[in-house]
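Given next are the chains, with one letter for each unit.
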Amino acid sequence: MTSLADLHALMARIGHPVLRTASPVESGFADGAPYRFEIPSVEGPEVLKAVVEEADRLGVPLARTSQGSGVMMLTDAEISEMAGIGAERGIEVNLFLGPRAAWDVGGQAKLTQAVGAAARGNAMVAACVADALRACSLGIRSLLVGDLGTLEVLRSLKEDGTLPAGLVLKTSVLMPLTNGPTAAILERLGATTVNVGTDLTVPHLAEIRAATRLPIDLYLEVPDDQGGFVRFYEAVEIVRATAPVYLKMGLRNAPNIYPSGGHLGAVPRELGRERVRRAALVQRLIEQLDPALAKQVGAGPAPDLGVPEV
């Protein structure tokens, strides 16, 4: 019978060691920063304006915003306005590819979130490609991908010049990434930044870092439908073990606003402001626990950010 030590030795030999502790890493983003802040659920230009305004007011260094409702839920004018704001401020504006199983006529996604972002059938993959082409034509250079096959298709379209070569392809938290081998697969399929499982321990995160040099996205405060964890006091340890990492500020005890729109009134805008306030709280805590690390926080513009081109 193979012993536990033998199994761990085997995993190490194939390049995916089992870690019980995490050692500091010396890697960072293109500008050298070990961590940046990402504000998710920025669902349109009015929310983006509020987020930028609040970041200025609270002194939060803002590198990336992301959106969850999808390209198909925005007008051309709205996308262009968001792209203009991102370009002016040097901020990456990331938009989700719209079609997904959770909104489709199928039944499985109504029972489990495990397939919620999957593209059901090749026509839905084609619809995701259409979203990508439209967003890029309006200046967007960062897309959020929830389906594995769609990710590989987008990579091939980048390679043949159909999509911009520098387009950021960010994997969604709805596409589970919980170990090193999976991270390596996503990198091979074309991911340029990877969103990891919300409940991973720091050693788990270090195993993913050992498998890929891609930036990692991690919720420090997690929406209720993804676990509802609040991990502020782990921020320093997480950055040390996983840099380069986007610290992503969700909100516990907040409504799911997807798909967003005017029918929700001021709710998306005020949620955006609160996410920025949460980032300010985390930055203050990092300043308290590791002042030298706090001074290294990254923001836009930077060469590896998918800043819109308008």
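Data block above holds the structure.
Residues numbered from 1 in each chain as written. Predicted model: local features only at pLDDT ≥ 70, side-chain atom pairs only at ≥ 80, totals over all residues. Heavy atoms only, no water.

A. Fine view of the overall build of the protein chain. Per the secondary structure count, the protein chain includes 11 helices and eight strands. Each principal axis of the C-alpha distribution contributes one length, and for the protein chain these read about 60 × 45 × 40 Å. Each of the 310 residues in the protein chain was classed as buried or not, and the buried ones make up 54%. Roughly 13,200 Å² of accessible area belongs to the protein chain as shown, and the carbon and sulfur atoms make up 55% of that amount. Separation between the mean location of the 29 positive side-chain charges and that of the 35 negative ones in the protein chain comes to 2 Å. (Helix = DSSP H or I, 4+ residues; strand = E, 2+ residues; numbered from the N terminus. Buried < 20%, exposed > 50% of the residue type's maximum accessible area, 1.4 Å probe, protein only. Areas by Shrake-Rupley, 256 points an atom, 1.4 Å probe, with all protein chains shown as cover. Lys, Arg positive; Asp, Glu negative; His and termini not counted. Charge placed at Lys NZ, Arg CZ, Asp CG, Glu CD.)

B. The arrangement of a nonpolar patch on the surface in detail. On the surface, Met-72, Met-73, Trp-103 and Tyr-258 cluster together to form a nonpolar patch covering roughly 340 Å² of accessible area. Tracing the backbone through its elements, the reader meets Met-72 in the loop between β2 (62-66) and α3 (76-89). (Patch = residues over 30% accessible without salt bridge, like charges linked within 9 Å, V, L, I, M, F, W, Y side chains within 5 Å. Salt bridge = Lys/Arg side-chain N within 4 Å of Asp/Glu carboxyl O.)

C. View of unusual backbone geometry. Omega for the peptide link from Tyr-258 to Pro-259 comes to -10 degrees, which places this bond in the cis form. If you trace the backbone, Pro-259 turns up in the loop between β8 (245-249) and α10 (267-289). Put simply, Gly-300 and Pro-301 share a cis peptide bond, and its omega is -5 degrees. We note that Ser-41 has phi near 60 degrees; this positive angle belongs to a residue other than glycine. Looking at the secondary structure, you find Ser-41 in the loop between β1 (35-39) and α2 (45-58). Positive phi is not limited to glycine here, since Asn-253 has a value of about 60 degrees. Mapped onto the fold, Asn-253 is located in the loop between β8 and α10.

D. Just the nonpolar core, in detail. In terms of nonpolar packing, the biggest core is built from 70 residues, with Tyr-35, Phe-37, Leu-247, Val-282 and Ile-286 touching the most fellow members. When residues of this core are assigned to their parent elements, the largest contribution, six residues, is made by α10. Not counting chain neighbours up to four residues away, the residues in contact with Tyr-35 comprise Phe-29, Val-239, Val-245, Leu-247, Gln-283, Ile-286, Leu-293, Ala-294, Gln-296, Val-297 and Gly-298. In terms of nonpolar packing, the next biggest core, distinct from the first, is built from seven residues, Ala-33, Ala-302, Leu-305 and Val-307 among them. (Core = buried A, V, L, I, M, F, W, Y, C linked by side-chain atoms within 4.5 Å. Contact = heavy atoms within 4.5 Å.)

E. Quick peek at the sheet that holds strand β5 (residues 168-171). Read from one edge of the open sheet, eight strands run β5-β4-β3-β2-β1-β8-β7-β6, paired in parallel fashion. The open sheet terminates on both sides in strands that have one partner only, identified here as β5 and β6 (194-195). Pairing geometry for strand β4 (residues 142-145) and β5, over four bridges, is parallel. Residue Ser-142 lies in a different strand from β5, and its bridge partner there is Val-168. Sitting on the sheet, α10 touches β1, β7 (216-221) and β8, and the angle it makes with β1 is about 160 degrees. (Pairing = 2+ DSSP bridges. Axes fitted to C-alpha atoms, helices over the stretch in contact; angles between N-to-C directions.)

F. α2, seen in detail. With 14 residues, α2 should cover 20 Å at 1.5 Å per step; its first-to-last C-alpha distance of 20 Å lies within 8% of that length. All buried positions along α2 are accounted for by Pro-45, Val-47, Leu-48, Ala-50, Val-51, Val-52, Glu-54 and Ala-55. Buried residues along α2 sit against β1, β2, α3, β3 (92-96) and α10. Count one or two residues on from α2 and you reach Gly-59, which has phi positive near 70 degrees. (Expected span 1.5 Å × (residues − 1).)

G. Quick look at the packing of aromatic side chains. Under the counting rule described, the total for this entry stands at two aromatic pairs. Between Phe-29 and Tyr-246, the aromatic rings sit 4.9 Å apart at their centres with planes inclined by 65 degrees, giving edge-to-face as the arrangement. Of this pair, Phe-29 sits in the loop between α1 (4-13) and β1 while Tyr-246 sits in strand β8, placing them 217 residues apart in sequence. Since its relative accessible area comes to 6%, Phe-29 is described here as buried. For Tyr-246, a relative accessible area of 2% translates into the label buried. On the numbers, 5.9 Å between centres and 85 degrees between planes, the contact of Tyr-35 with Phe-37 is edge-to-face. Owing to a relative accessible area of 0%, Phe-37 belongs among the buried residues under this scheme. Taking NZ or CZ as reference, Arg-100 lies 4.2 Å from the ring centre of Phe-96, over its face. (Phe/Tyr/Trp six-rings, centres within 6.5 Å; stacked < 30°, edge-to-face > 60°. Lys NZ or Arg CZ within 6 Å of the ring centre and 35° of its normal.)

H. Molecular detail of the pairing of β2. Within β2, five of the five residues are buried, which leaves it mostly tucked inside the rest of the structure. Two elements, β1 and β2, share three bridges in a ladder whose sense is parallel. The residue bridging Phe-37 from the neighbouring strand is Leu-62, located in β2. In the sheet, β2 pairs with β3 via three bridges, with the strands oriented parallel. Residue pairing across strands places Ser-66 opposite Asn-94, the latter belonging to β3. Crossover β2 to β3 through α3 is right-handed. (Right-handed = clockwise from strand over helix to strand, strands pointing away.)

In short, geometric facts, not functional conclusions.
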